[in-house]
Each structure stands twice: as C-alpha cells, then as structure tokens.
Amino acid sequence: MSGQERDDRFYRFGIQGFTTTTRVNAFVDHLEEGRVMGTRCPRCGRCFFPPRAECARCLTGELDWFEVCGTGRLLTFSTLSYAPVGFDEQVPYTIALLDYGEYRVFGRIAADLSPEELAVGMEMRTAARALPGGRLAYEFERAPTS
C-alpha cells in the first residue's frame, strides 16, 4: 500500500468504531472469512489476542497469524447493565474471558446464552459474527459436546 492510501478496514470491526486504522487491519479480513485470529511471535512464541503488530517481549515487528480455534475455558464473566457510549442500546449484555492455555481472549457472550447458563470452567469457543451494517465481530458460544 502506498503512503497516500488509507487503510480503513478496521473501521468495520465491532458495534462502535474506535479507530480508522491499525497495523493489524488483516484481523478484519480474517473475520470476513469466518476466522478469529491472533498473532504469535516467531522468535519467542508469545501469543497475542487481540492481535498486536509487535511482540511485547522481543520487540520484533514480524509476527505470524494464528487461528483462535478449539475450546477455551470460561475464567470469568460479568453482565453489564451500563455501557460506554455506542454500546448503551445493547445493554444488558455479558462479557467474559476465555483461557485457551497459550493465550486468553476477552469478548462478548453470544446473545442466545443467558448468564444463568454460564459457569466458570465451562468450555466455550470463539466464533466470528456478521453484525448489521456490514460490521464484523466475534463472540463466545457454548462449545459443541462430543
């Protein structure tokens, strides 16, 4: 991309746009393909979610993409009754943290799961979602039972 072009793919992420550009805009391309991705440092192996452009440990800017797949364990969750501007019409909604072992993912619980159905330690998975207006996001859903 030339210095004159503006890369605004990240604007399509989420309900409220907070930034128009980032060095990890490909995150949105992956969501469009139905994949939730993080970044991994090829030098030290540290994983990052949300994706980062540089390793916080090695300071390298050559990170690789990896797919957030499989199941994570629900570490904690909270149902919000109040929300920041841009999300105020969405309340109540539930946010959570999943532990995938090498990394953790913070996000939103799928609207079809009530807080009463959640339990710390339960297996969940992270899934890409299309939102109204052409926006994209990810959310946590119950992991399929084997």
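Residues numbered from 1 in each chain as written. Predicted model: local features only at pLDDT ≥ 70, side-chain atom pairs only at ≥ 80, totals over all residues. Heavy atoms only, no water.

Asks: Help me out: how do you make sense of the sheet that holds strand 4 (residues 72-80) in this one?
Replies: Whenever strands of a sheet pair, they do so through backbone hydrogen bonds, lying parallel or antiparallel. Read across the open sheet, the five strands follow the order 6-5-4-7-8; overall the sheet is antiparallel. Edge positions in the sheet fall to strand 6 (104-108) and strand 8 (136-142), since each has one partner strand and no second. Going across the sheet, the axis of each strand differs from the next one's by a mean of 30°, ignoring polarity. Bridge count between strand 5 (residues 93-99) and strand 6: five bridges; the pairing is antiparallel. When the bridges of strand 6 are listed, leucine 97 appears paired with phenylalanine 106. (Pairing = 2+ DSSP bridges. Helix = DSSP H or I, 4+ residues; strand = E, 2+ residues; numbered from the N terminus. Axes fitted to C-alpha atoms, helices over the stretch in contact; angles between N-to-C directions.)

Asks: Help me out: how do you make sense of unusual backbone geometry in this one?
Replies: Most peptide bonds take the trans form, and the phi angle of most residues other than glycine is negative. The peptide bond linking phenylalanine 49 to proline 50 adopts the cis configuration, its omega dihedral lying at 0°. Here proline 50 lies in the loop between strand 2 (47-48) and strand 3 (64-67). Between valine 91 and proline 92 the backbone carries a cis peptide bond, its omega angle lying at -5°. Positionally, proline 92 belongs in the loop between strand 4 and strand 5. Notably, leucine 59 is not glycine yet its phi reads approximately 70°, a positive angle.

Asks: Help me understand the sheet that holds strand 3 in this model?
Replies: Across the sheet, which stays open at both edges, the three strands sit in the order 2-1-3 with antiparallel pairing between neighbours. This sheet does not close on itself; its edge strands, each paired only once, are strand 2 and strand 3. Taken together, the four bridges between strand 1 (residues 37-40) and strand 3 define a ladder with antiparallel strand orientation. Its bridge partner being in strand 3, glycine 38 is matched across the sheet by phenylalanine 66.

Asks: I keep staring at the pattern of salt bridges and nothing clicks. Help me out?
Replies: Side chains that differ in charge, positive against negative, can pair when their charged atoms come close. Scanning the entire structure with this criterion turns up seven salt bridges. Between arginine 142 and glutamate 117 there is a salt bridge, with its nearest N and O atoms 2.9 Å apart. One end of the pair, arginine 142, is in strand 8; the other, glutamate 117, is in the loop between strand 6 and strand 7 (123-130), and 25 residues separate them in sequence. For glutamate 117, a relative accessible area of 36% translates into the label partly exposed. Salt-bridge contacts for arginine 129 lead to glutamate 141; the nearest nitrogen and oxygen are separated by 2.2 Å. (Salt bridge = Lys/Arg side-chain N within 4 Å of Asp/Glu carboxyl O. Buried < 20%, exposed > 50% of the residue type's maximum accessible area, 1.4 Å probe, protein only.)

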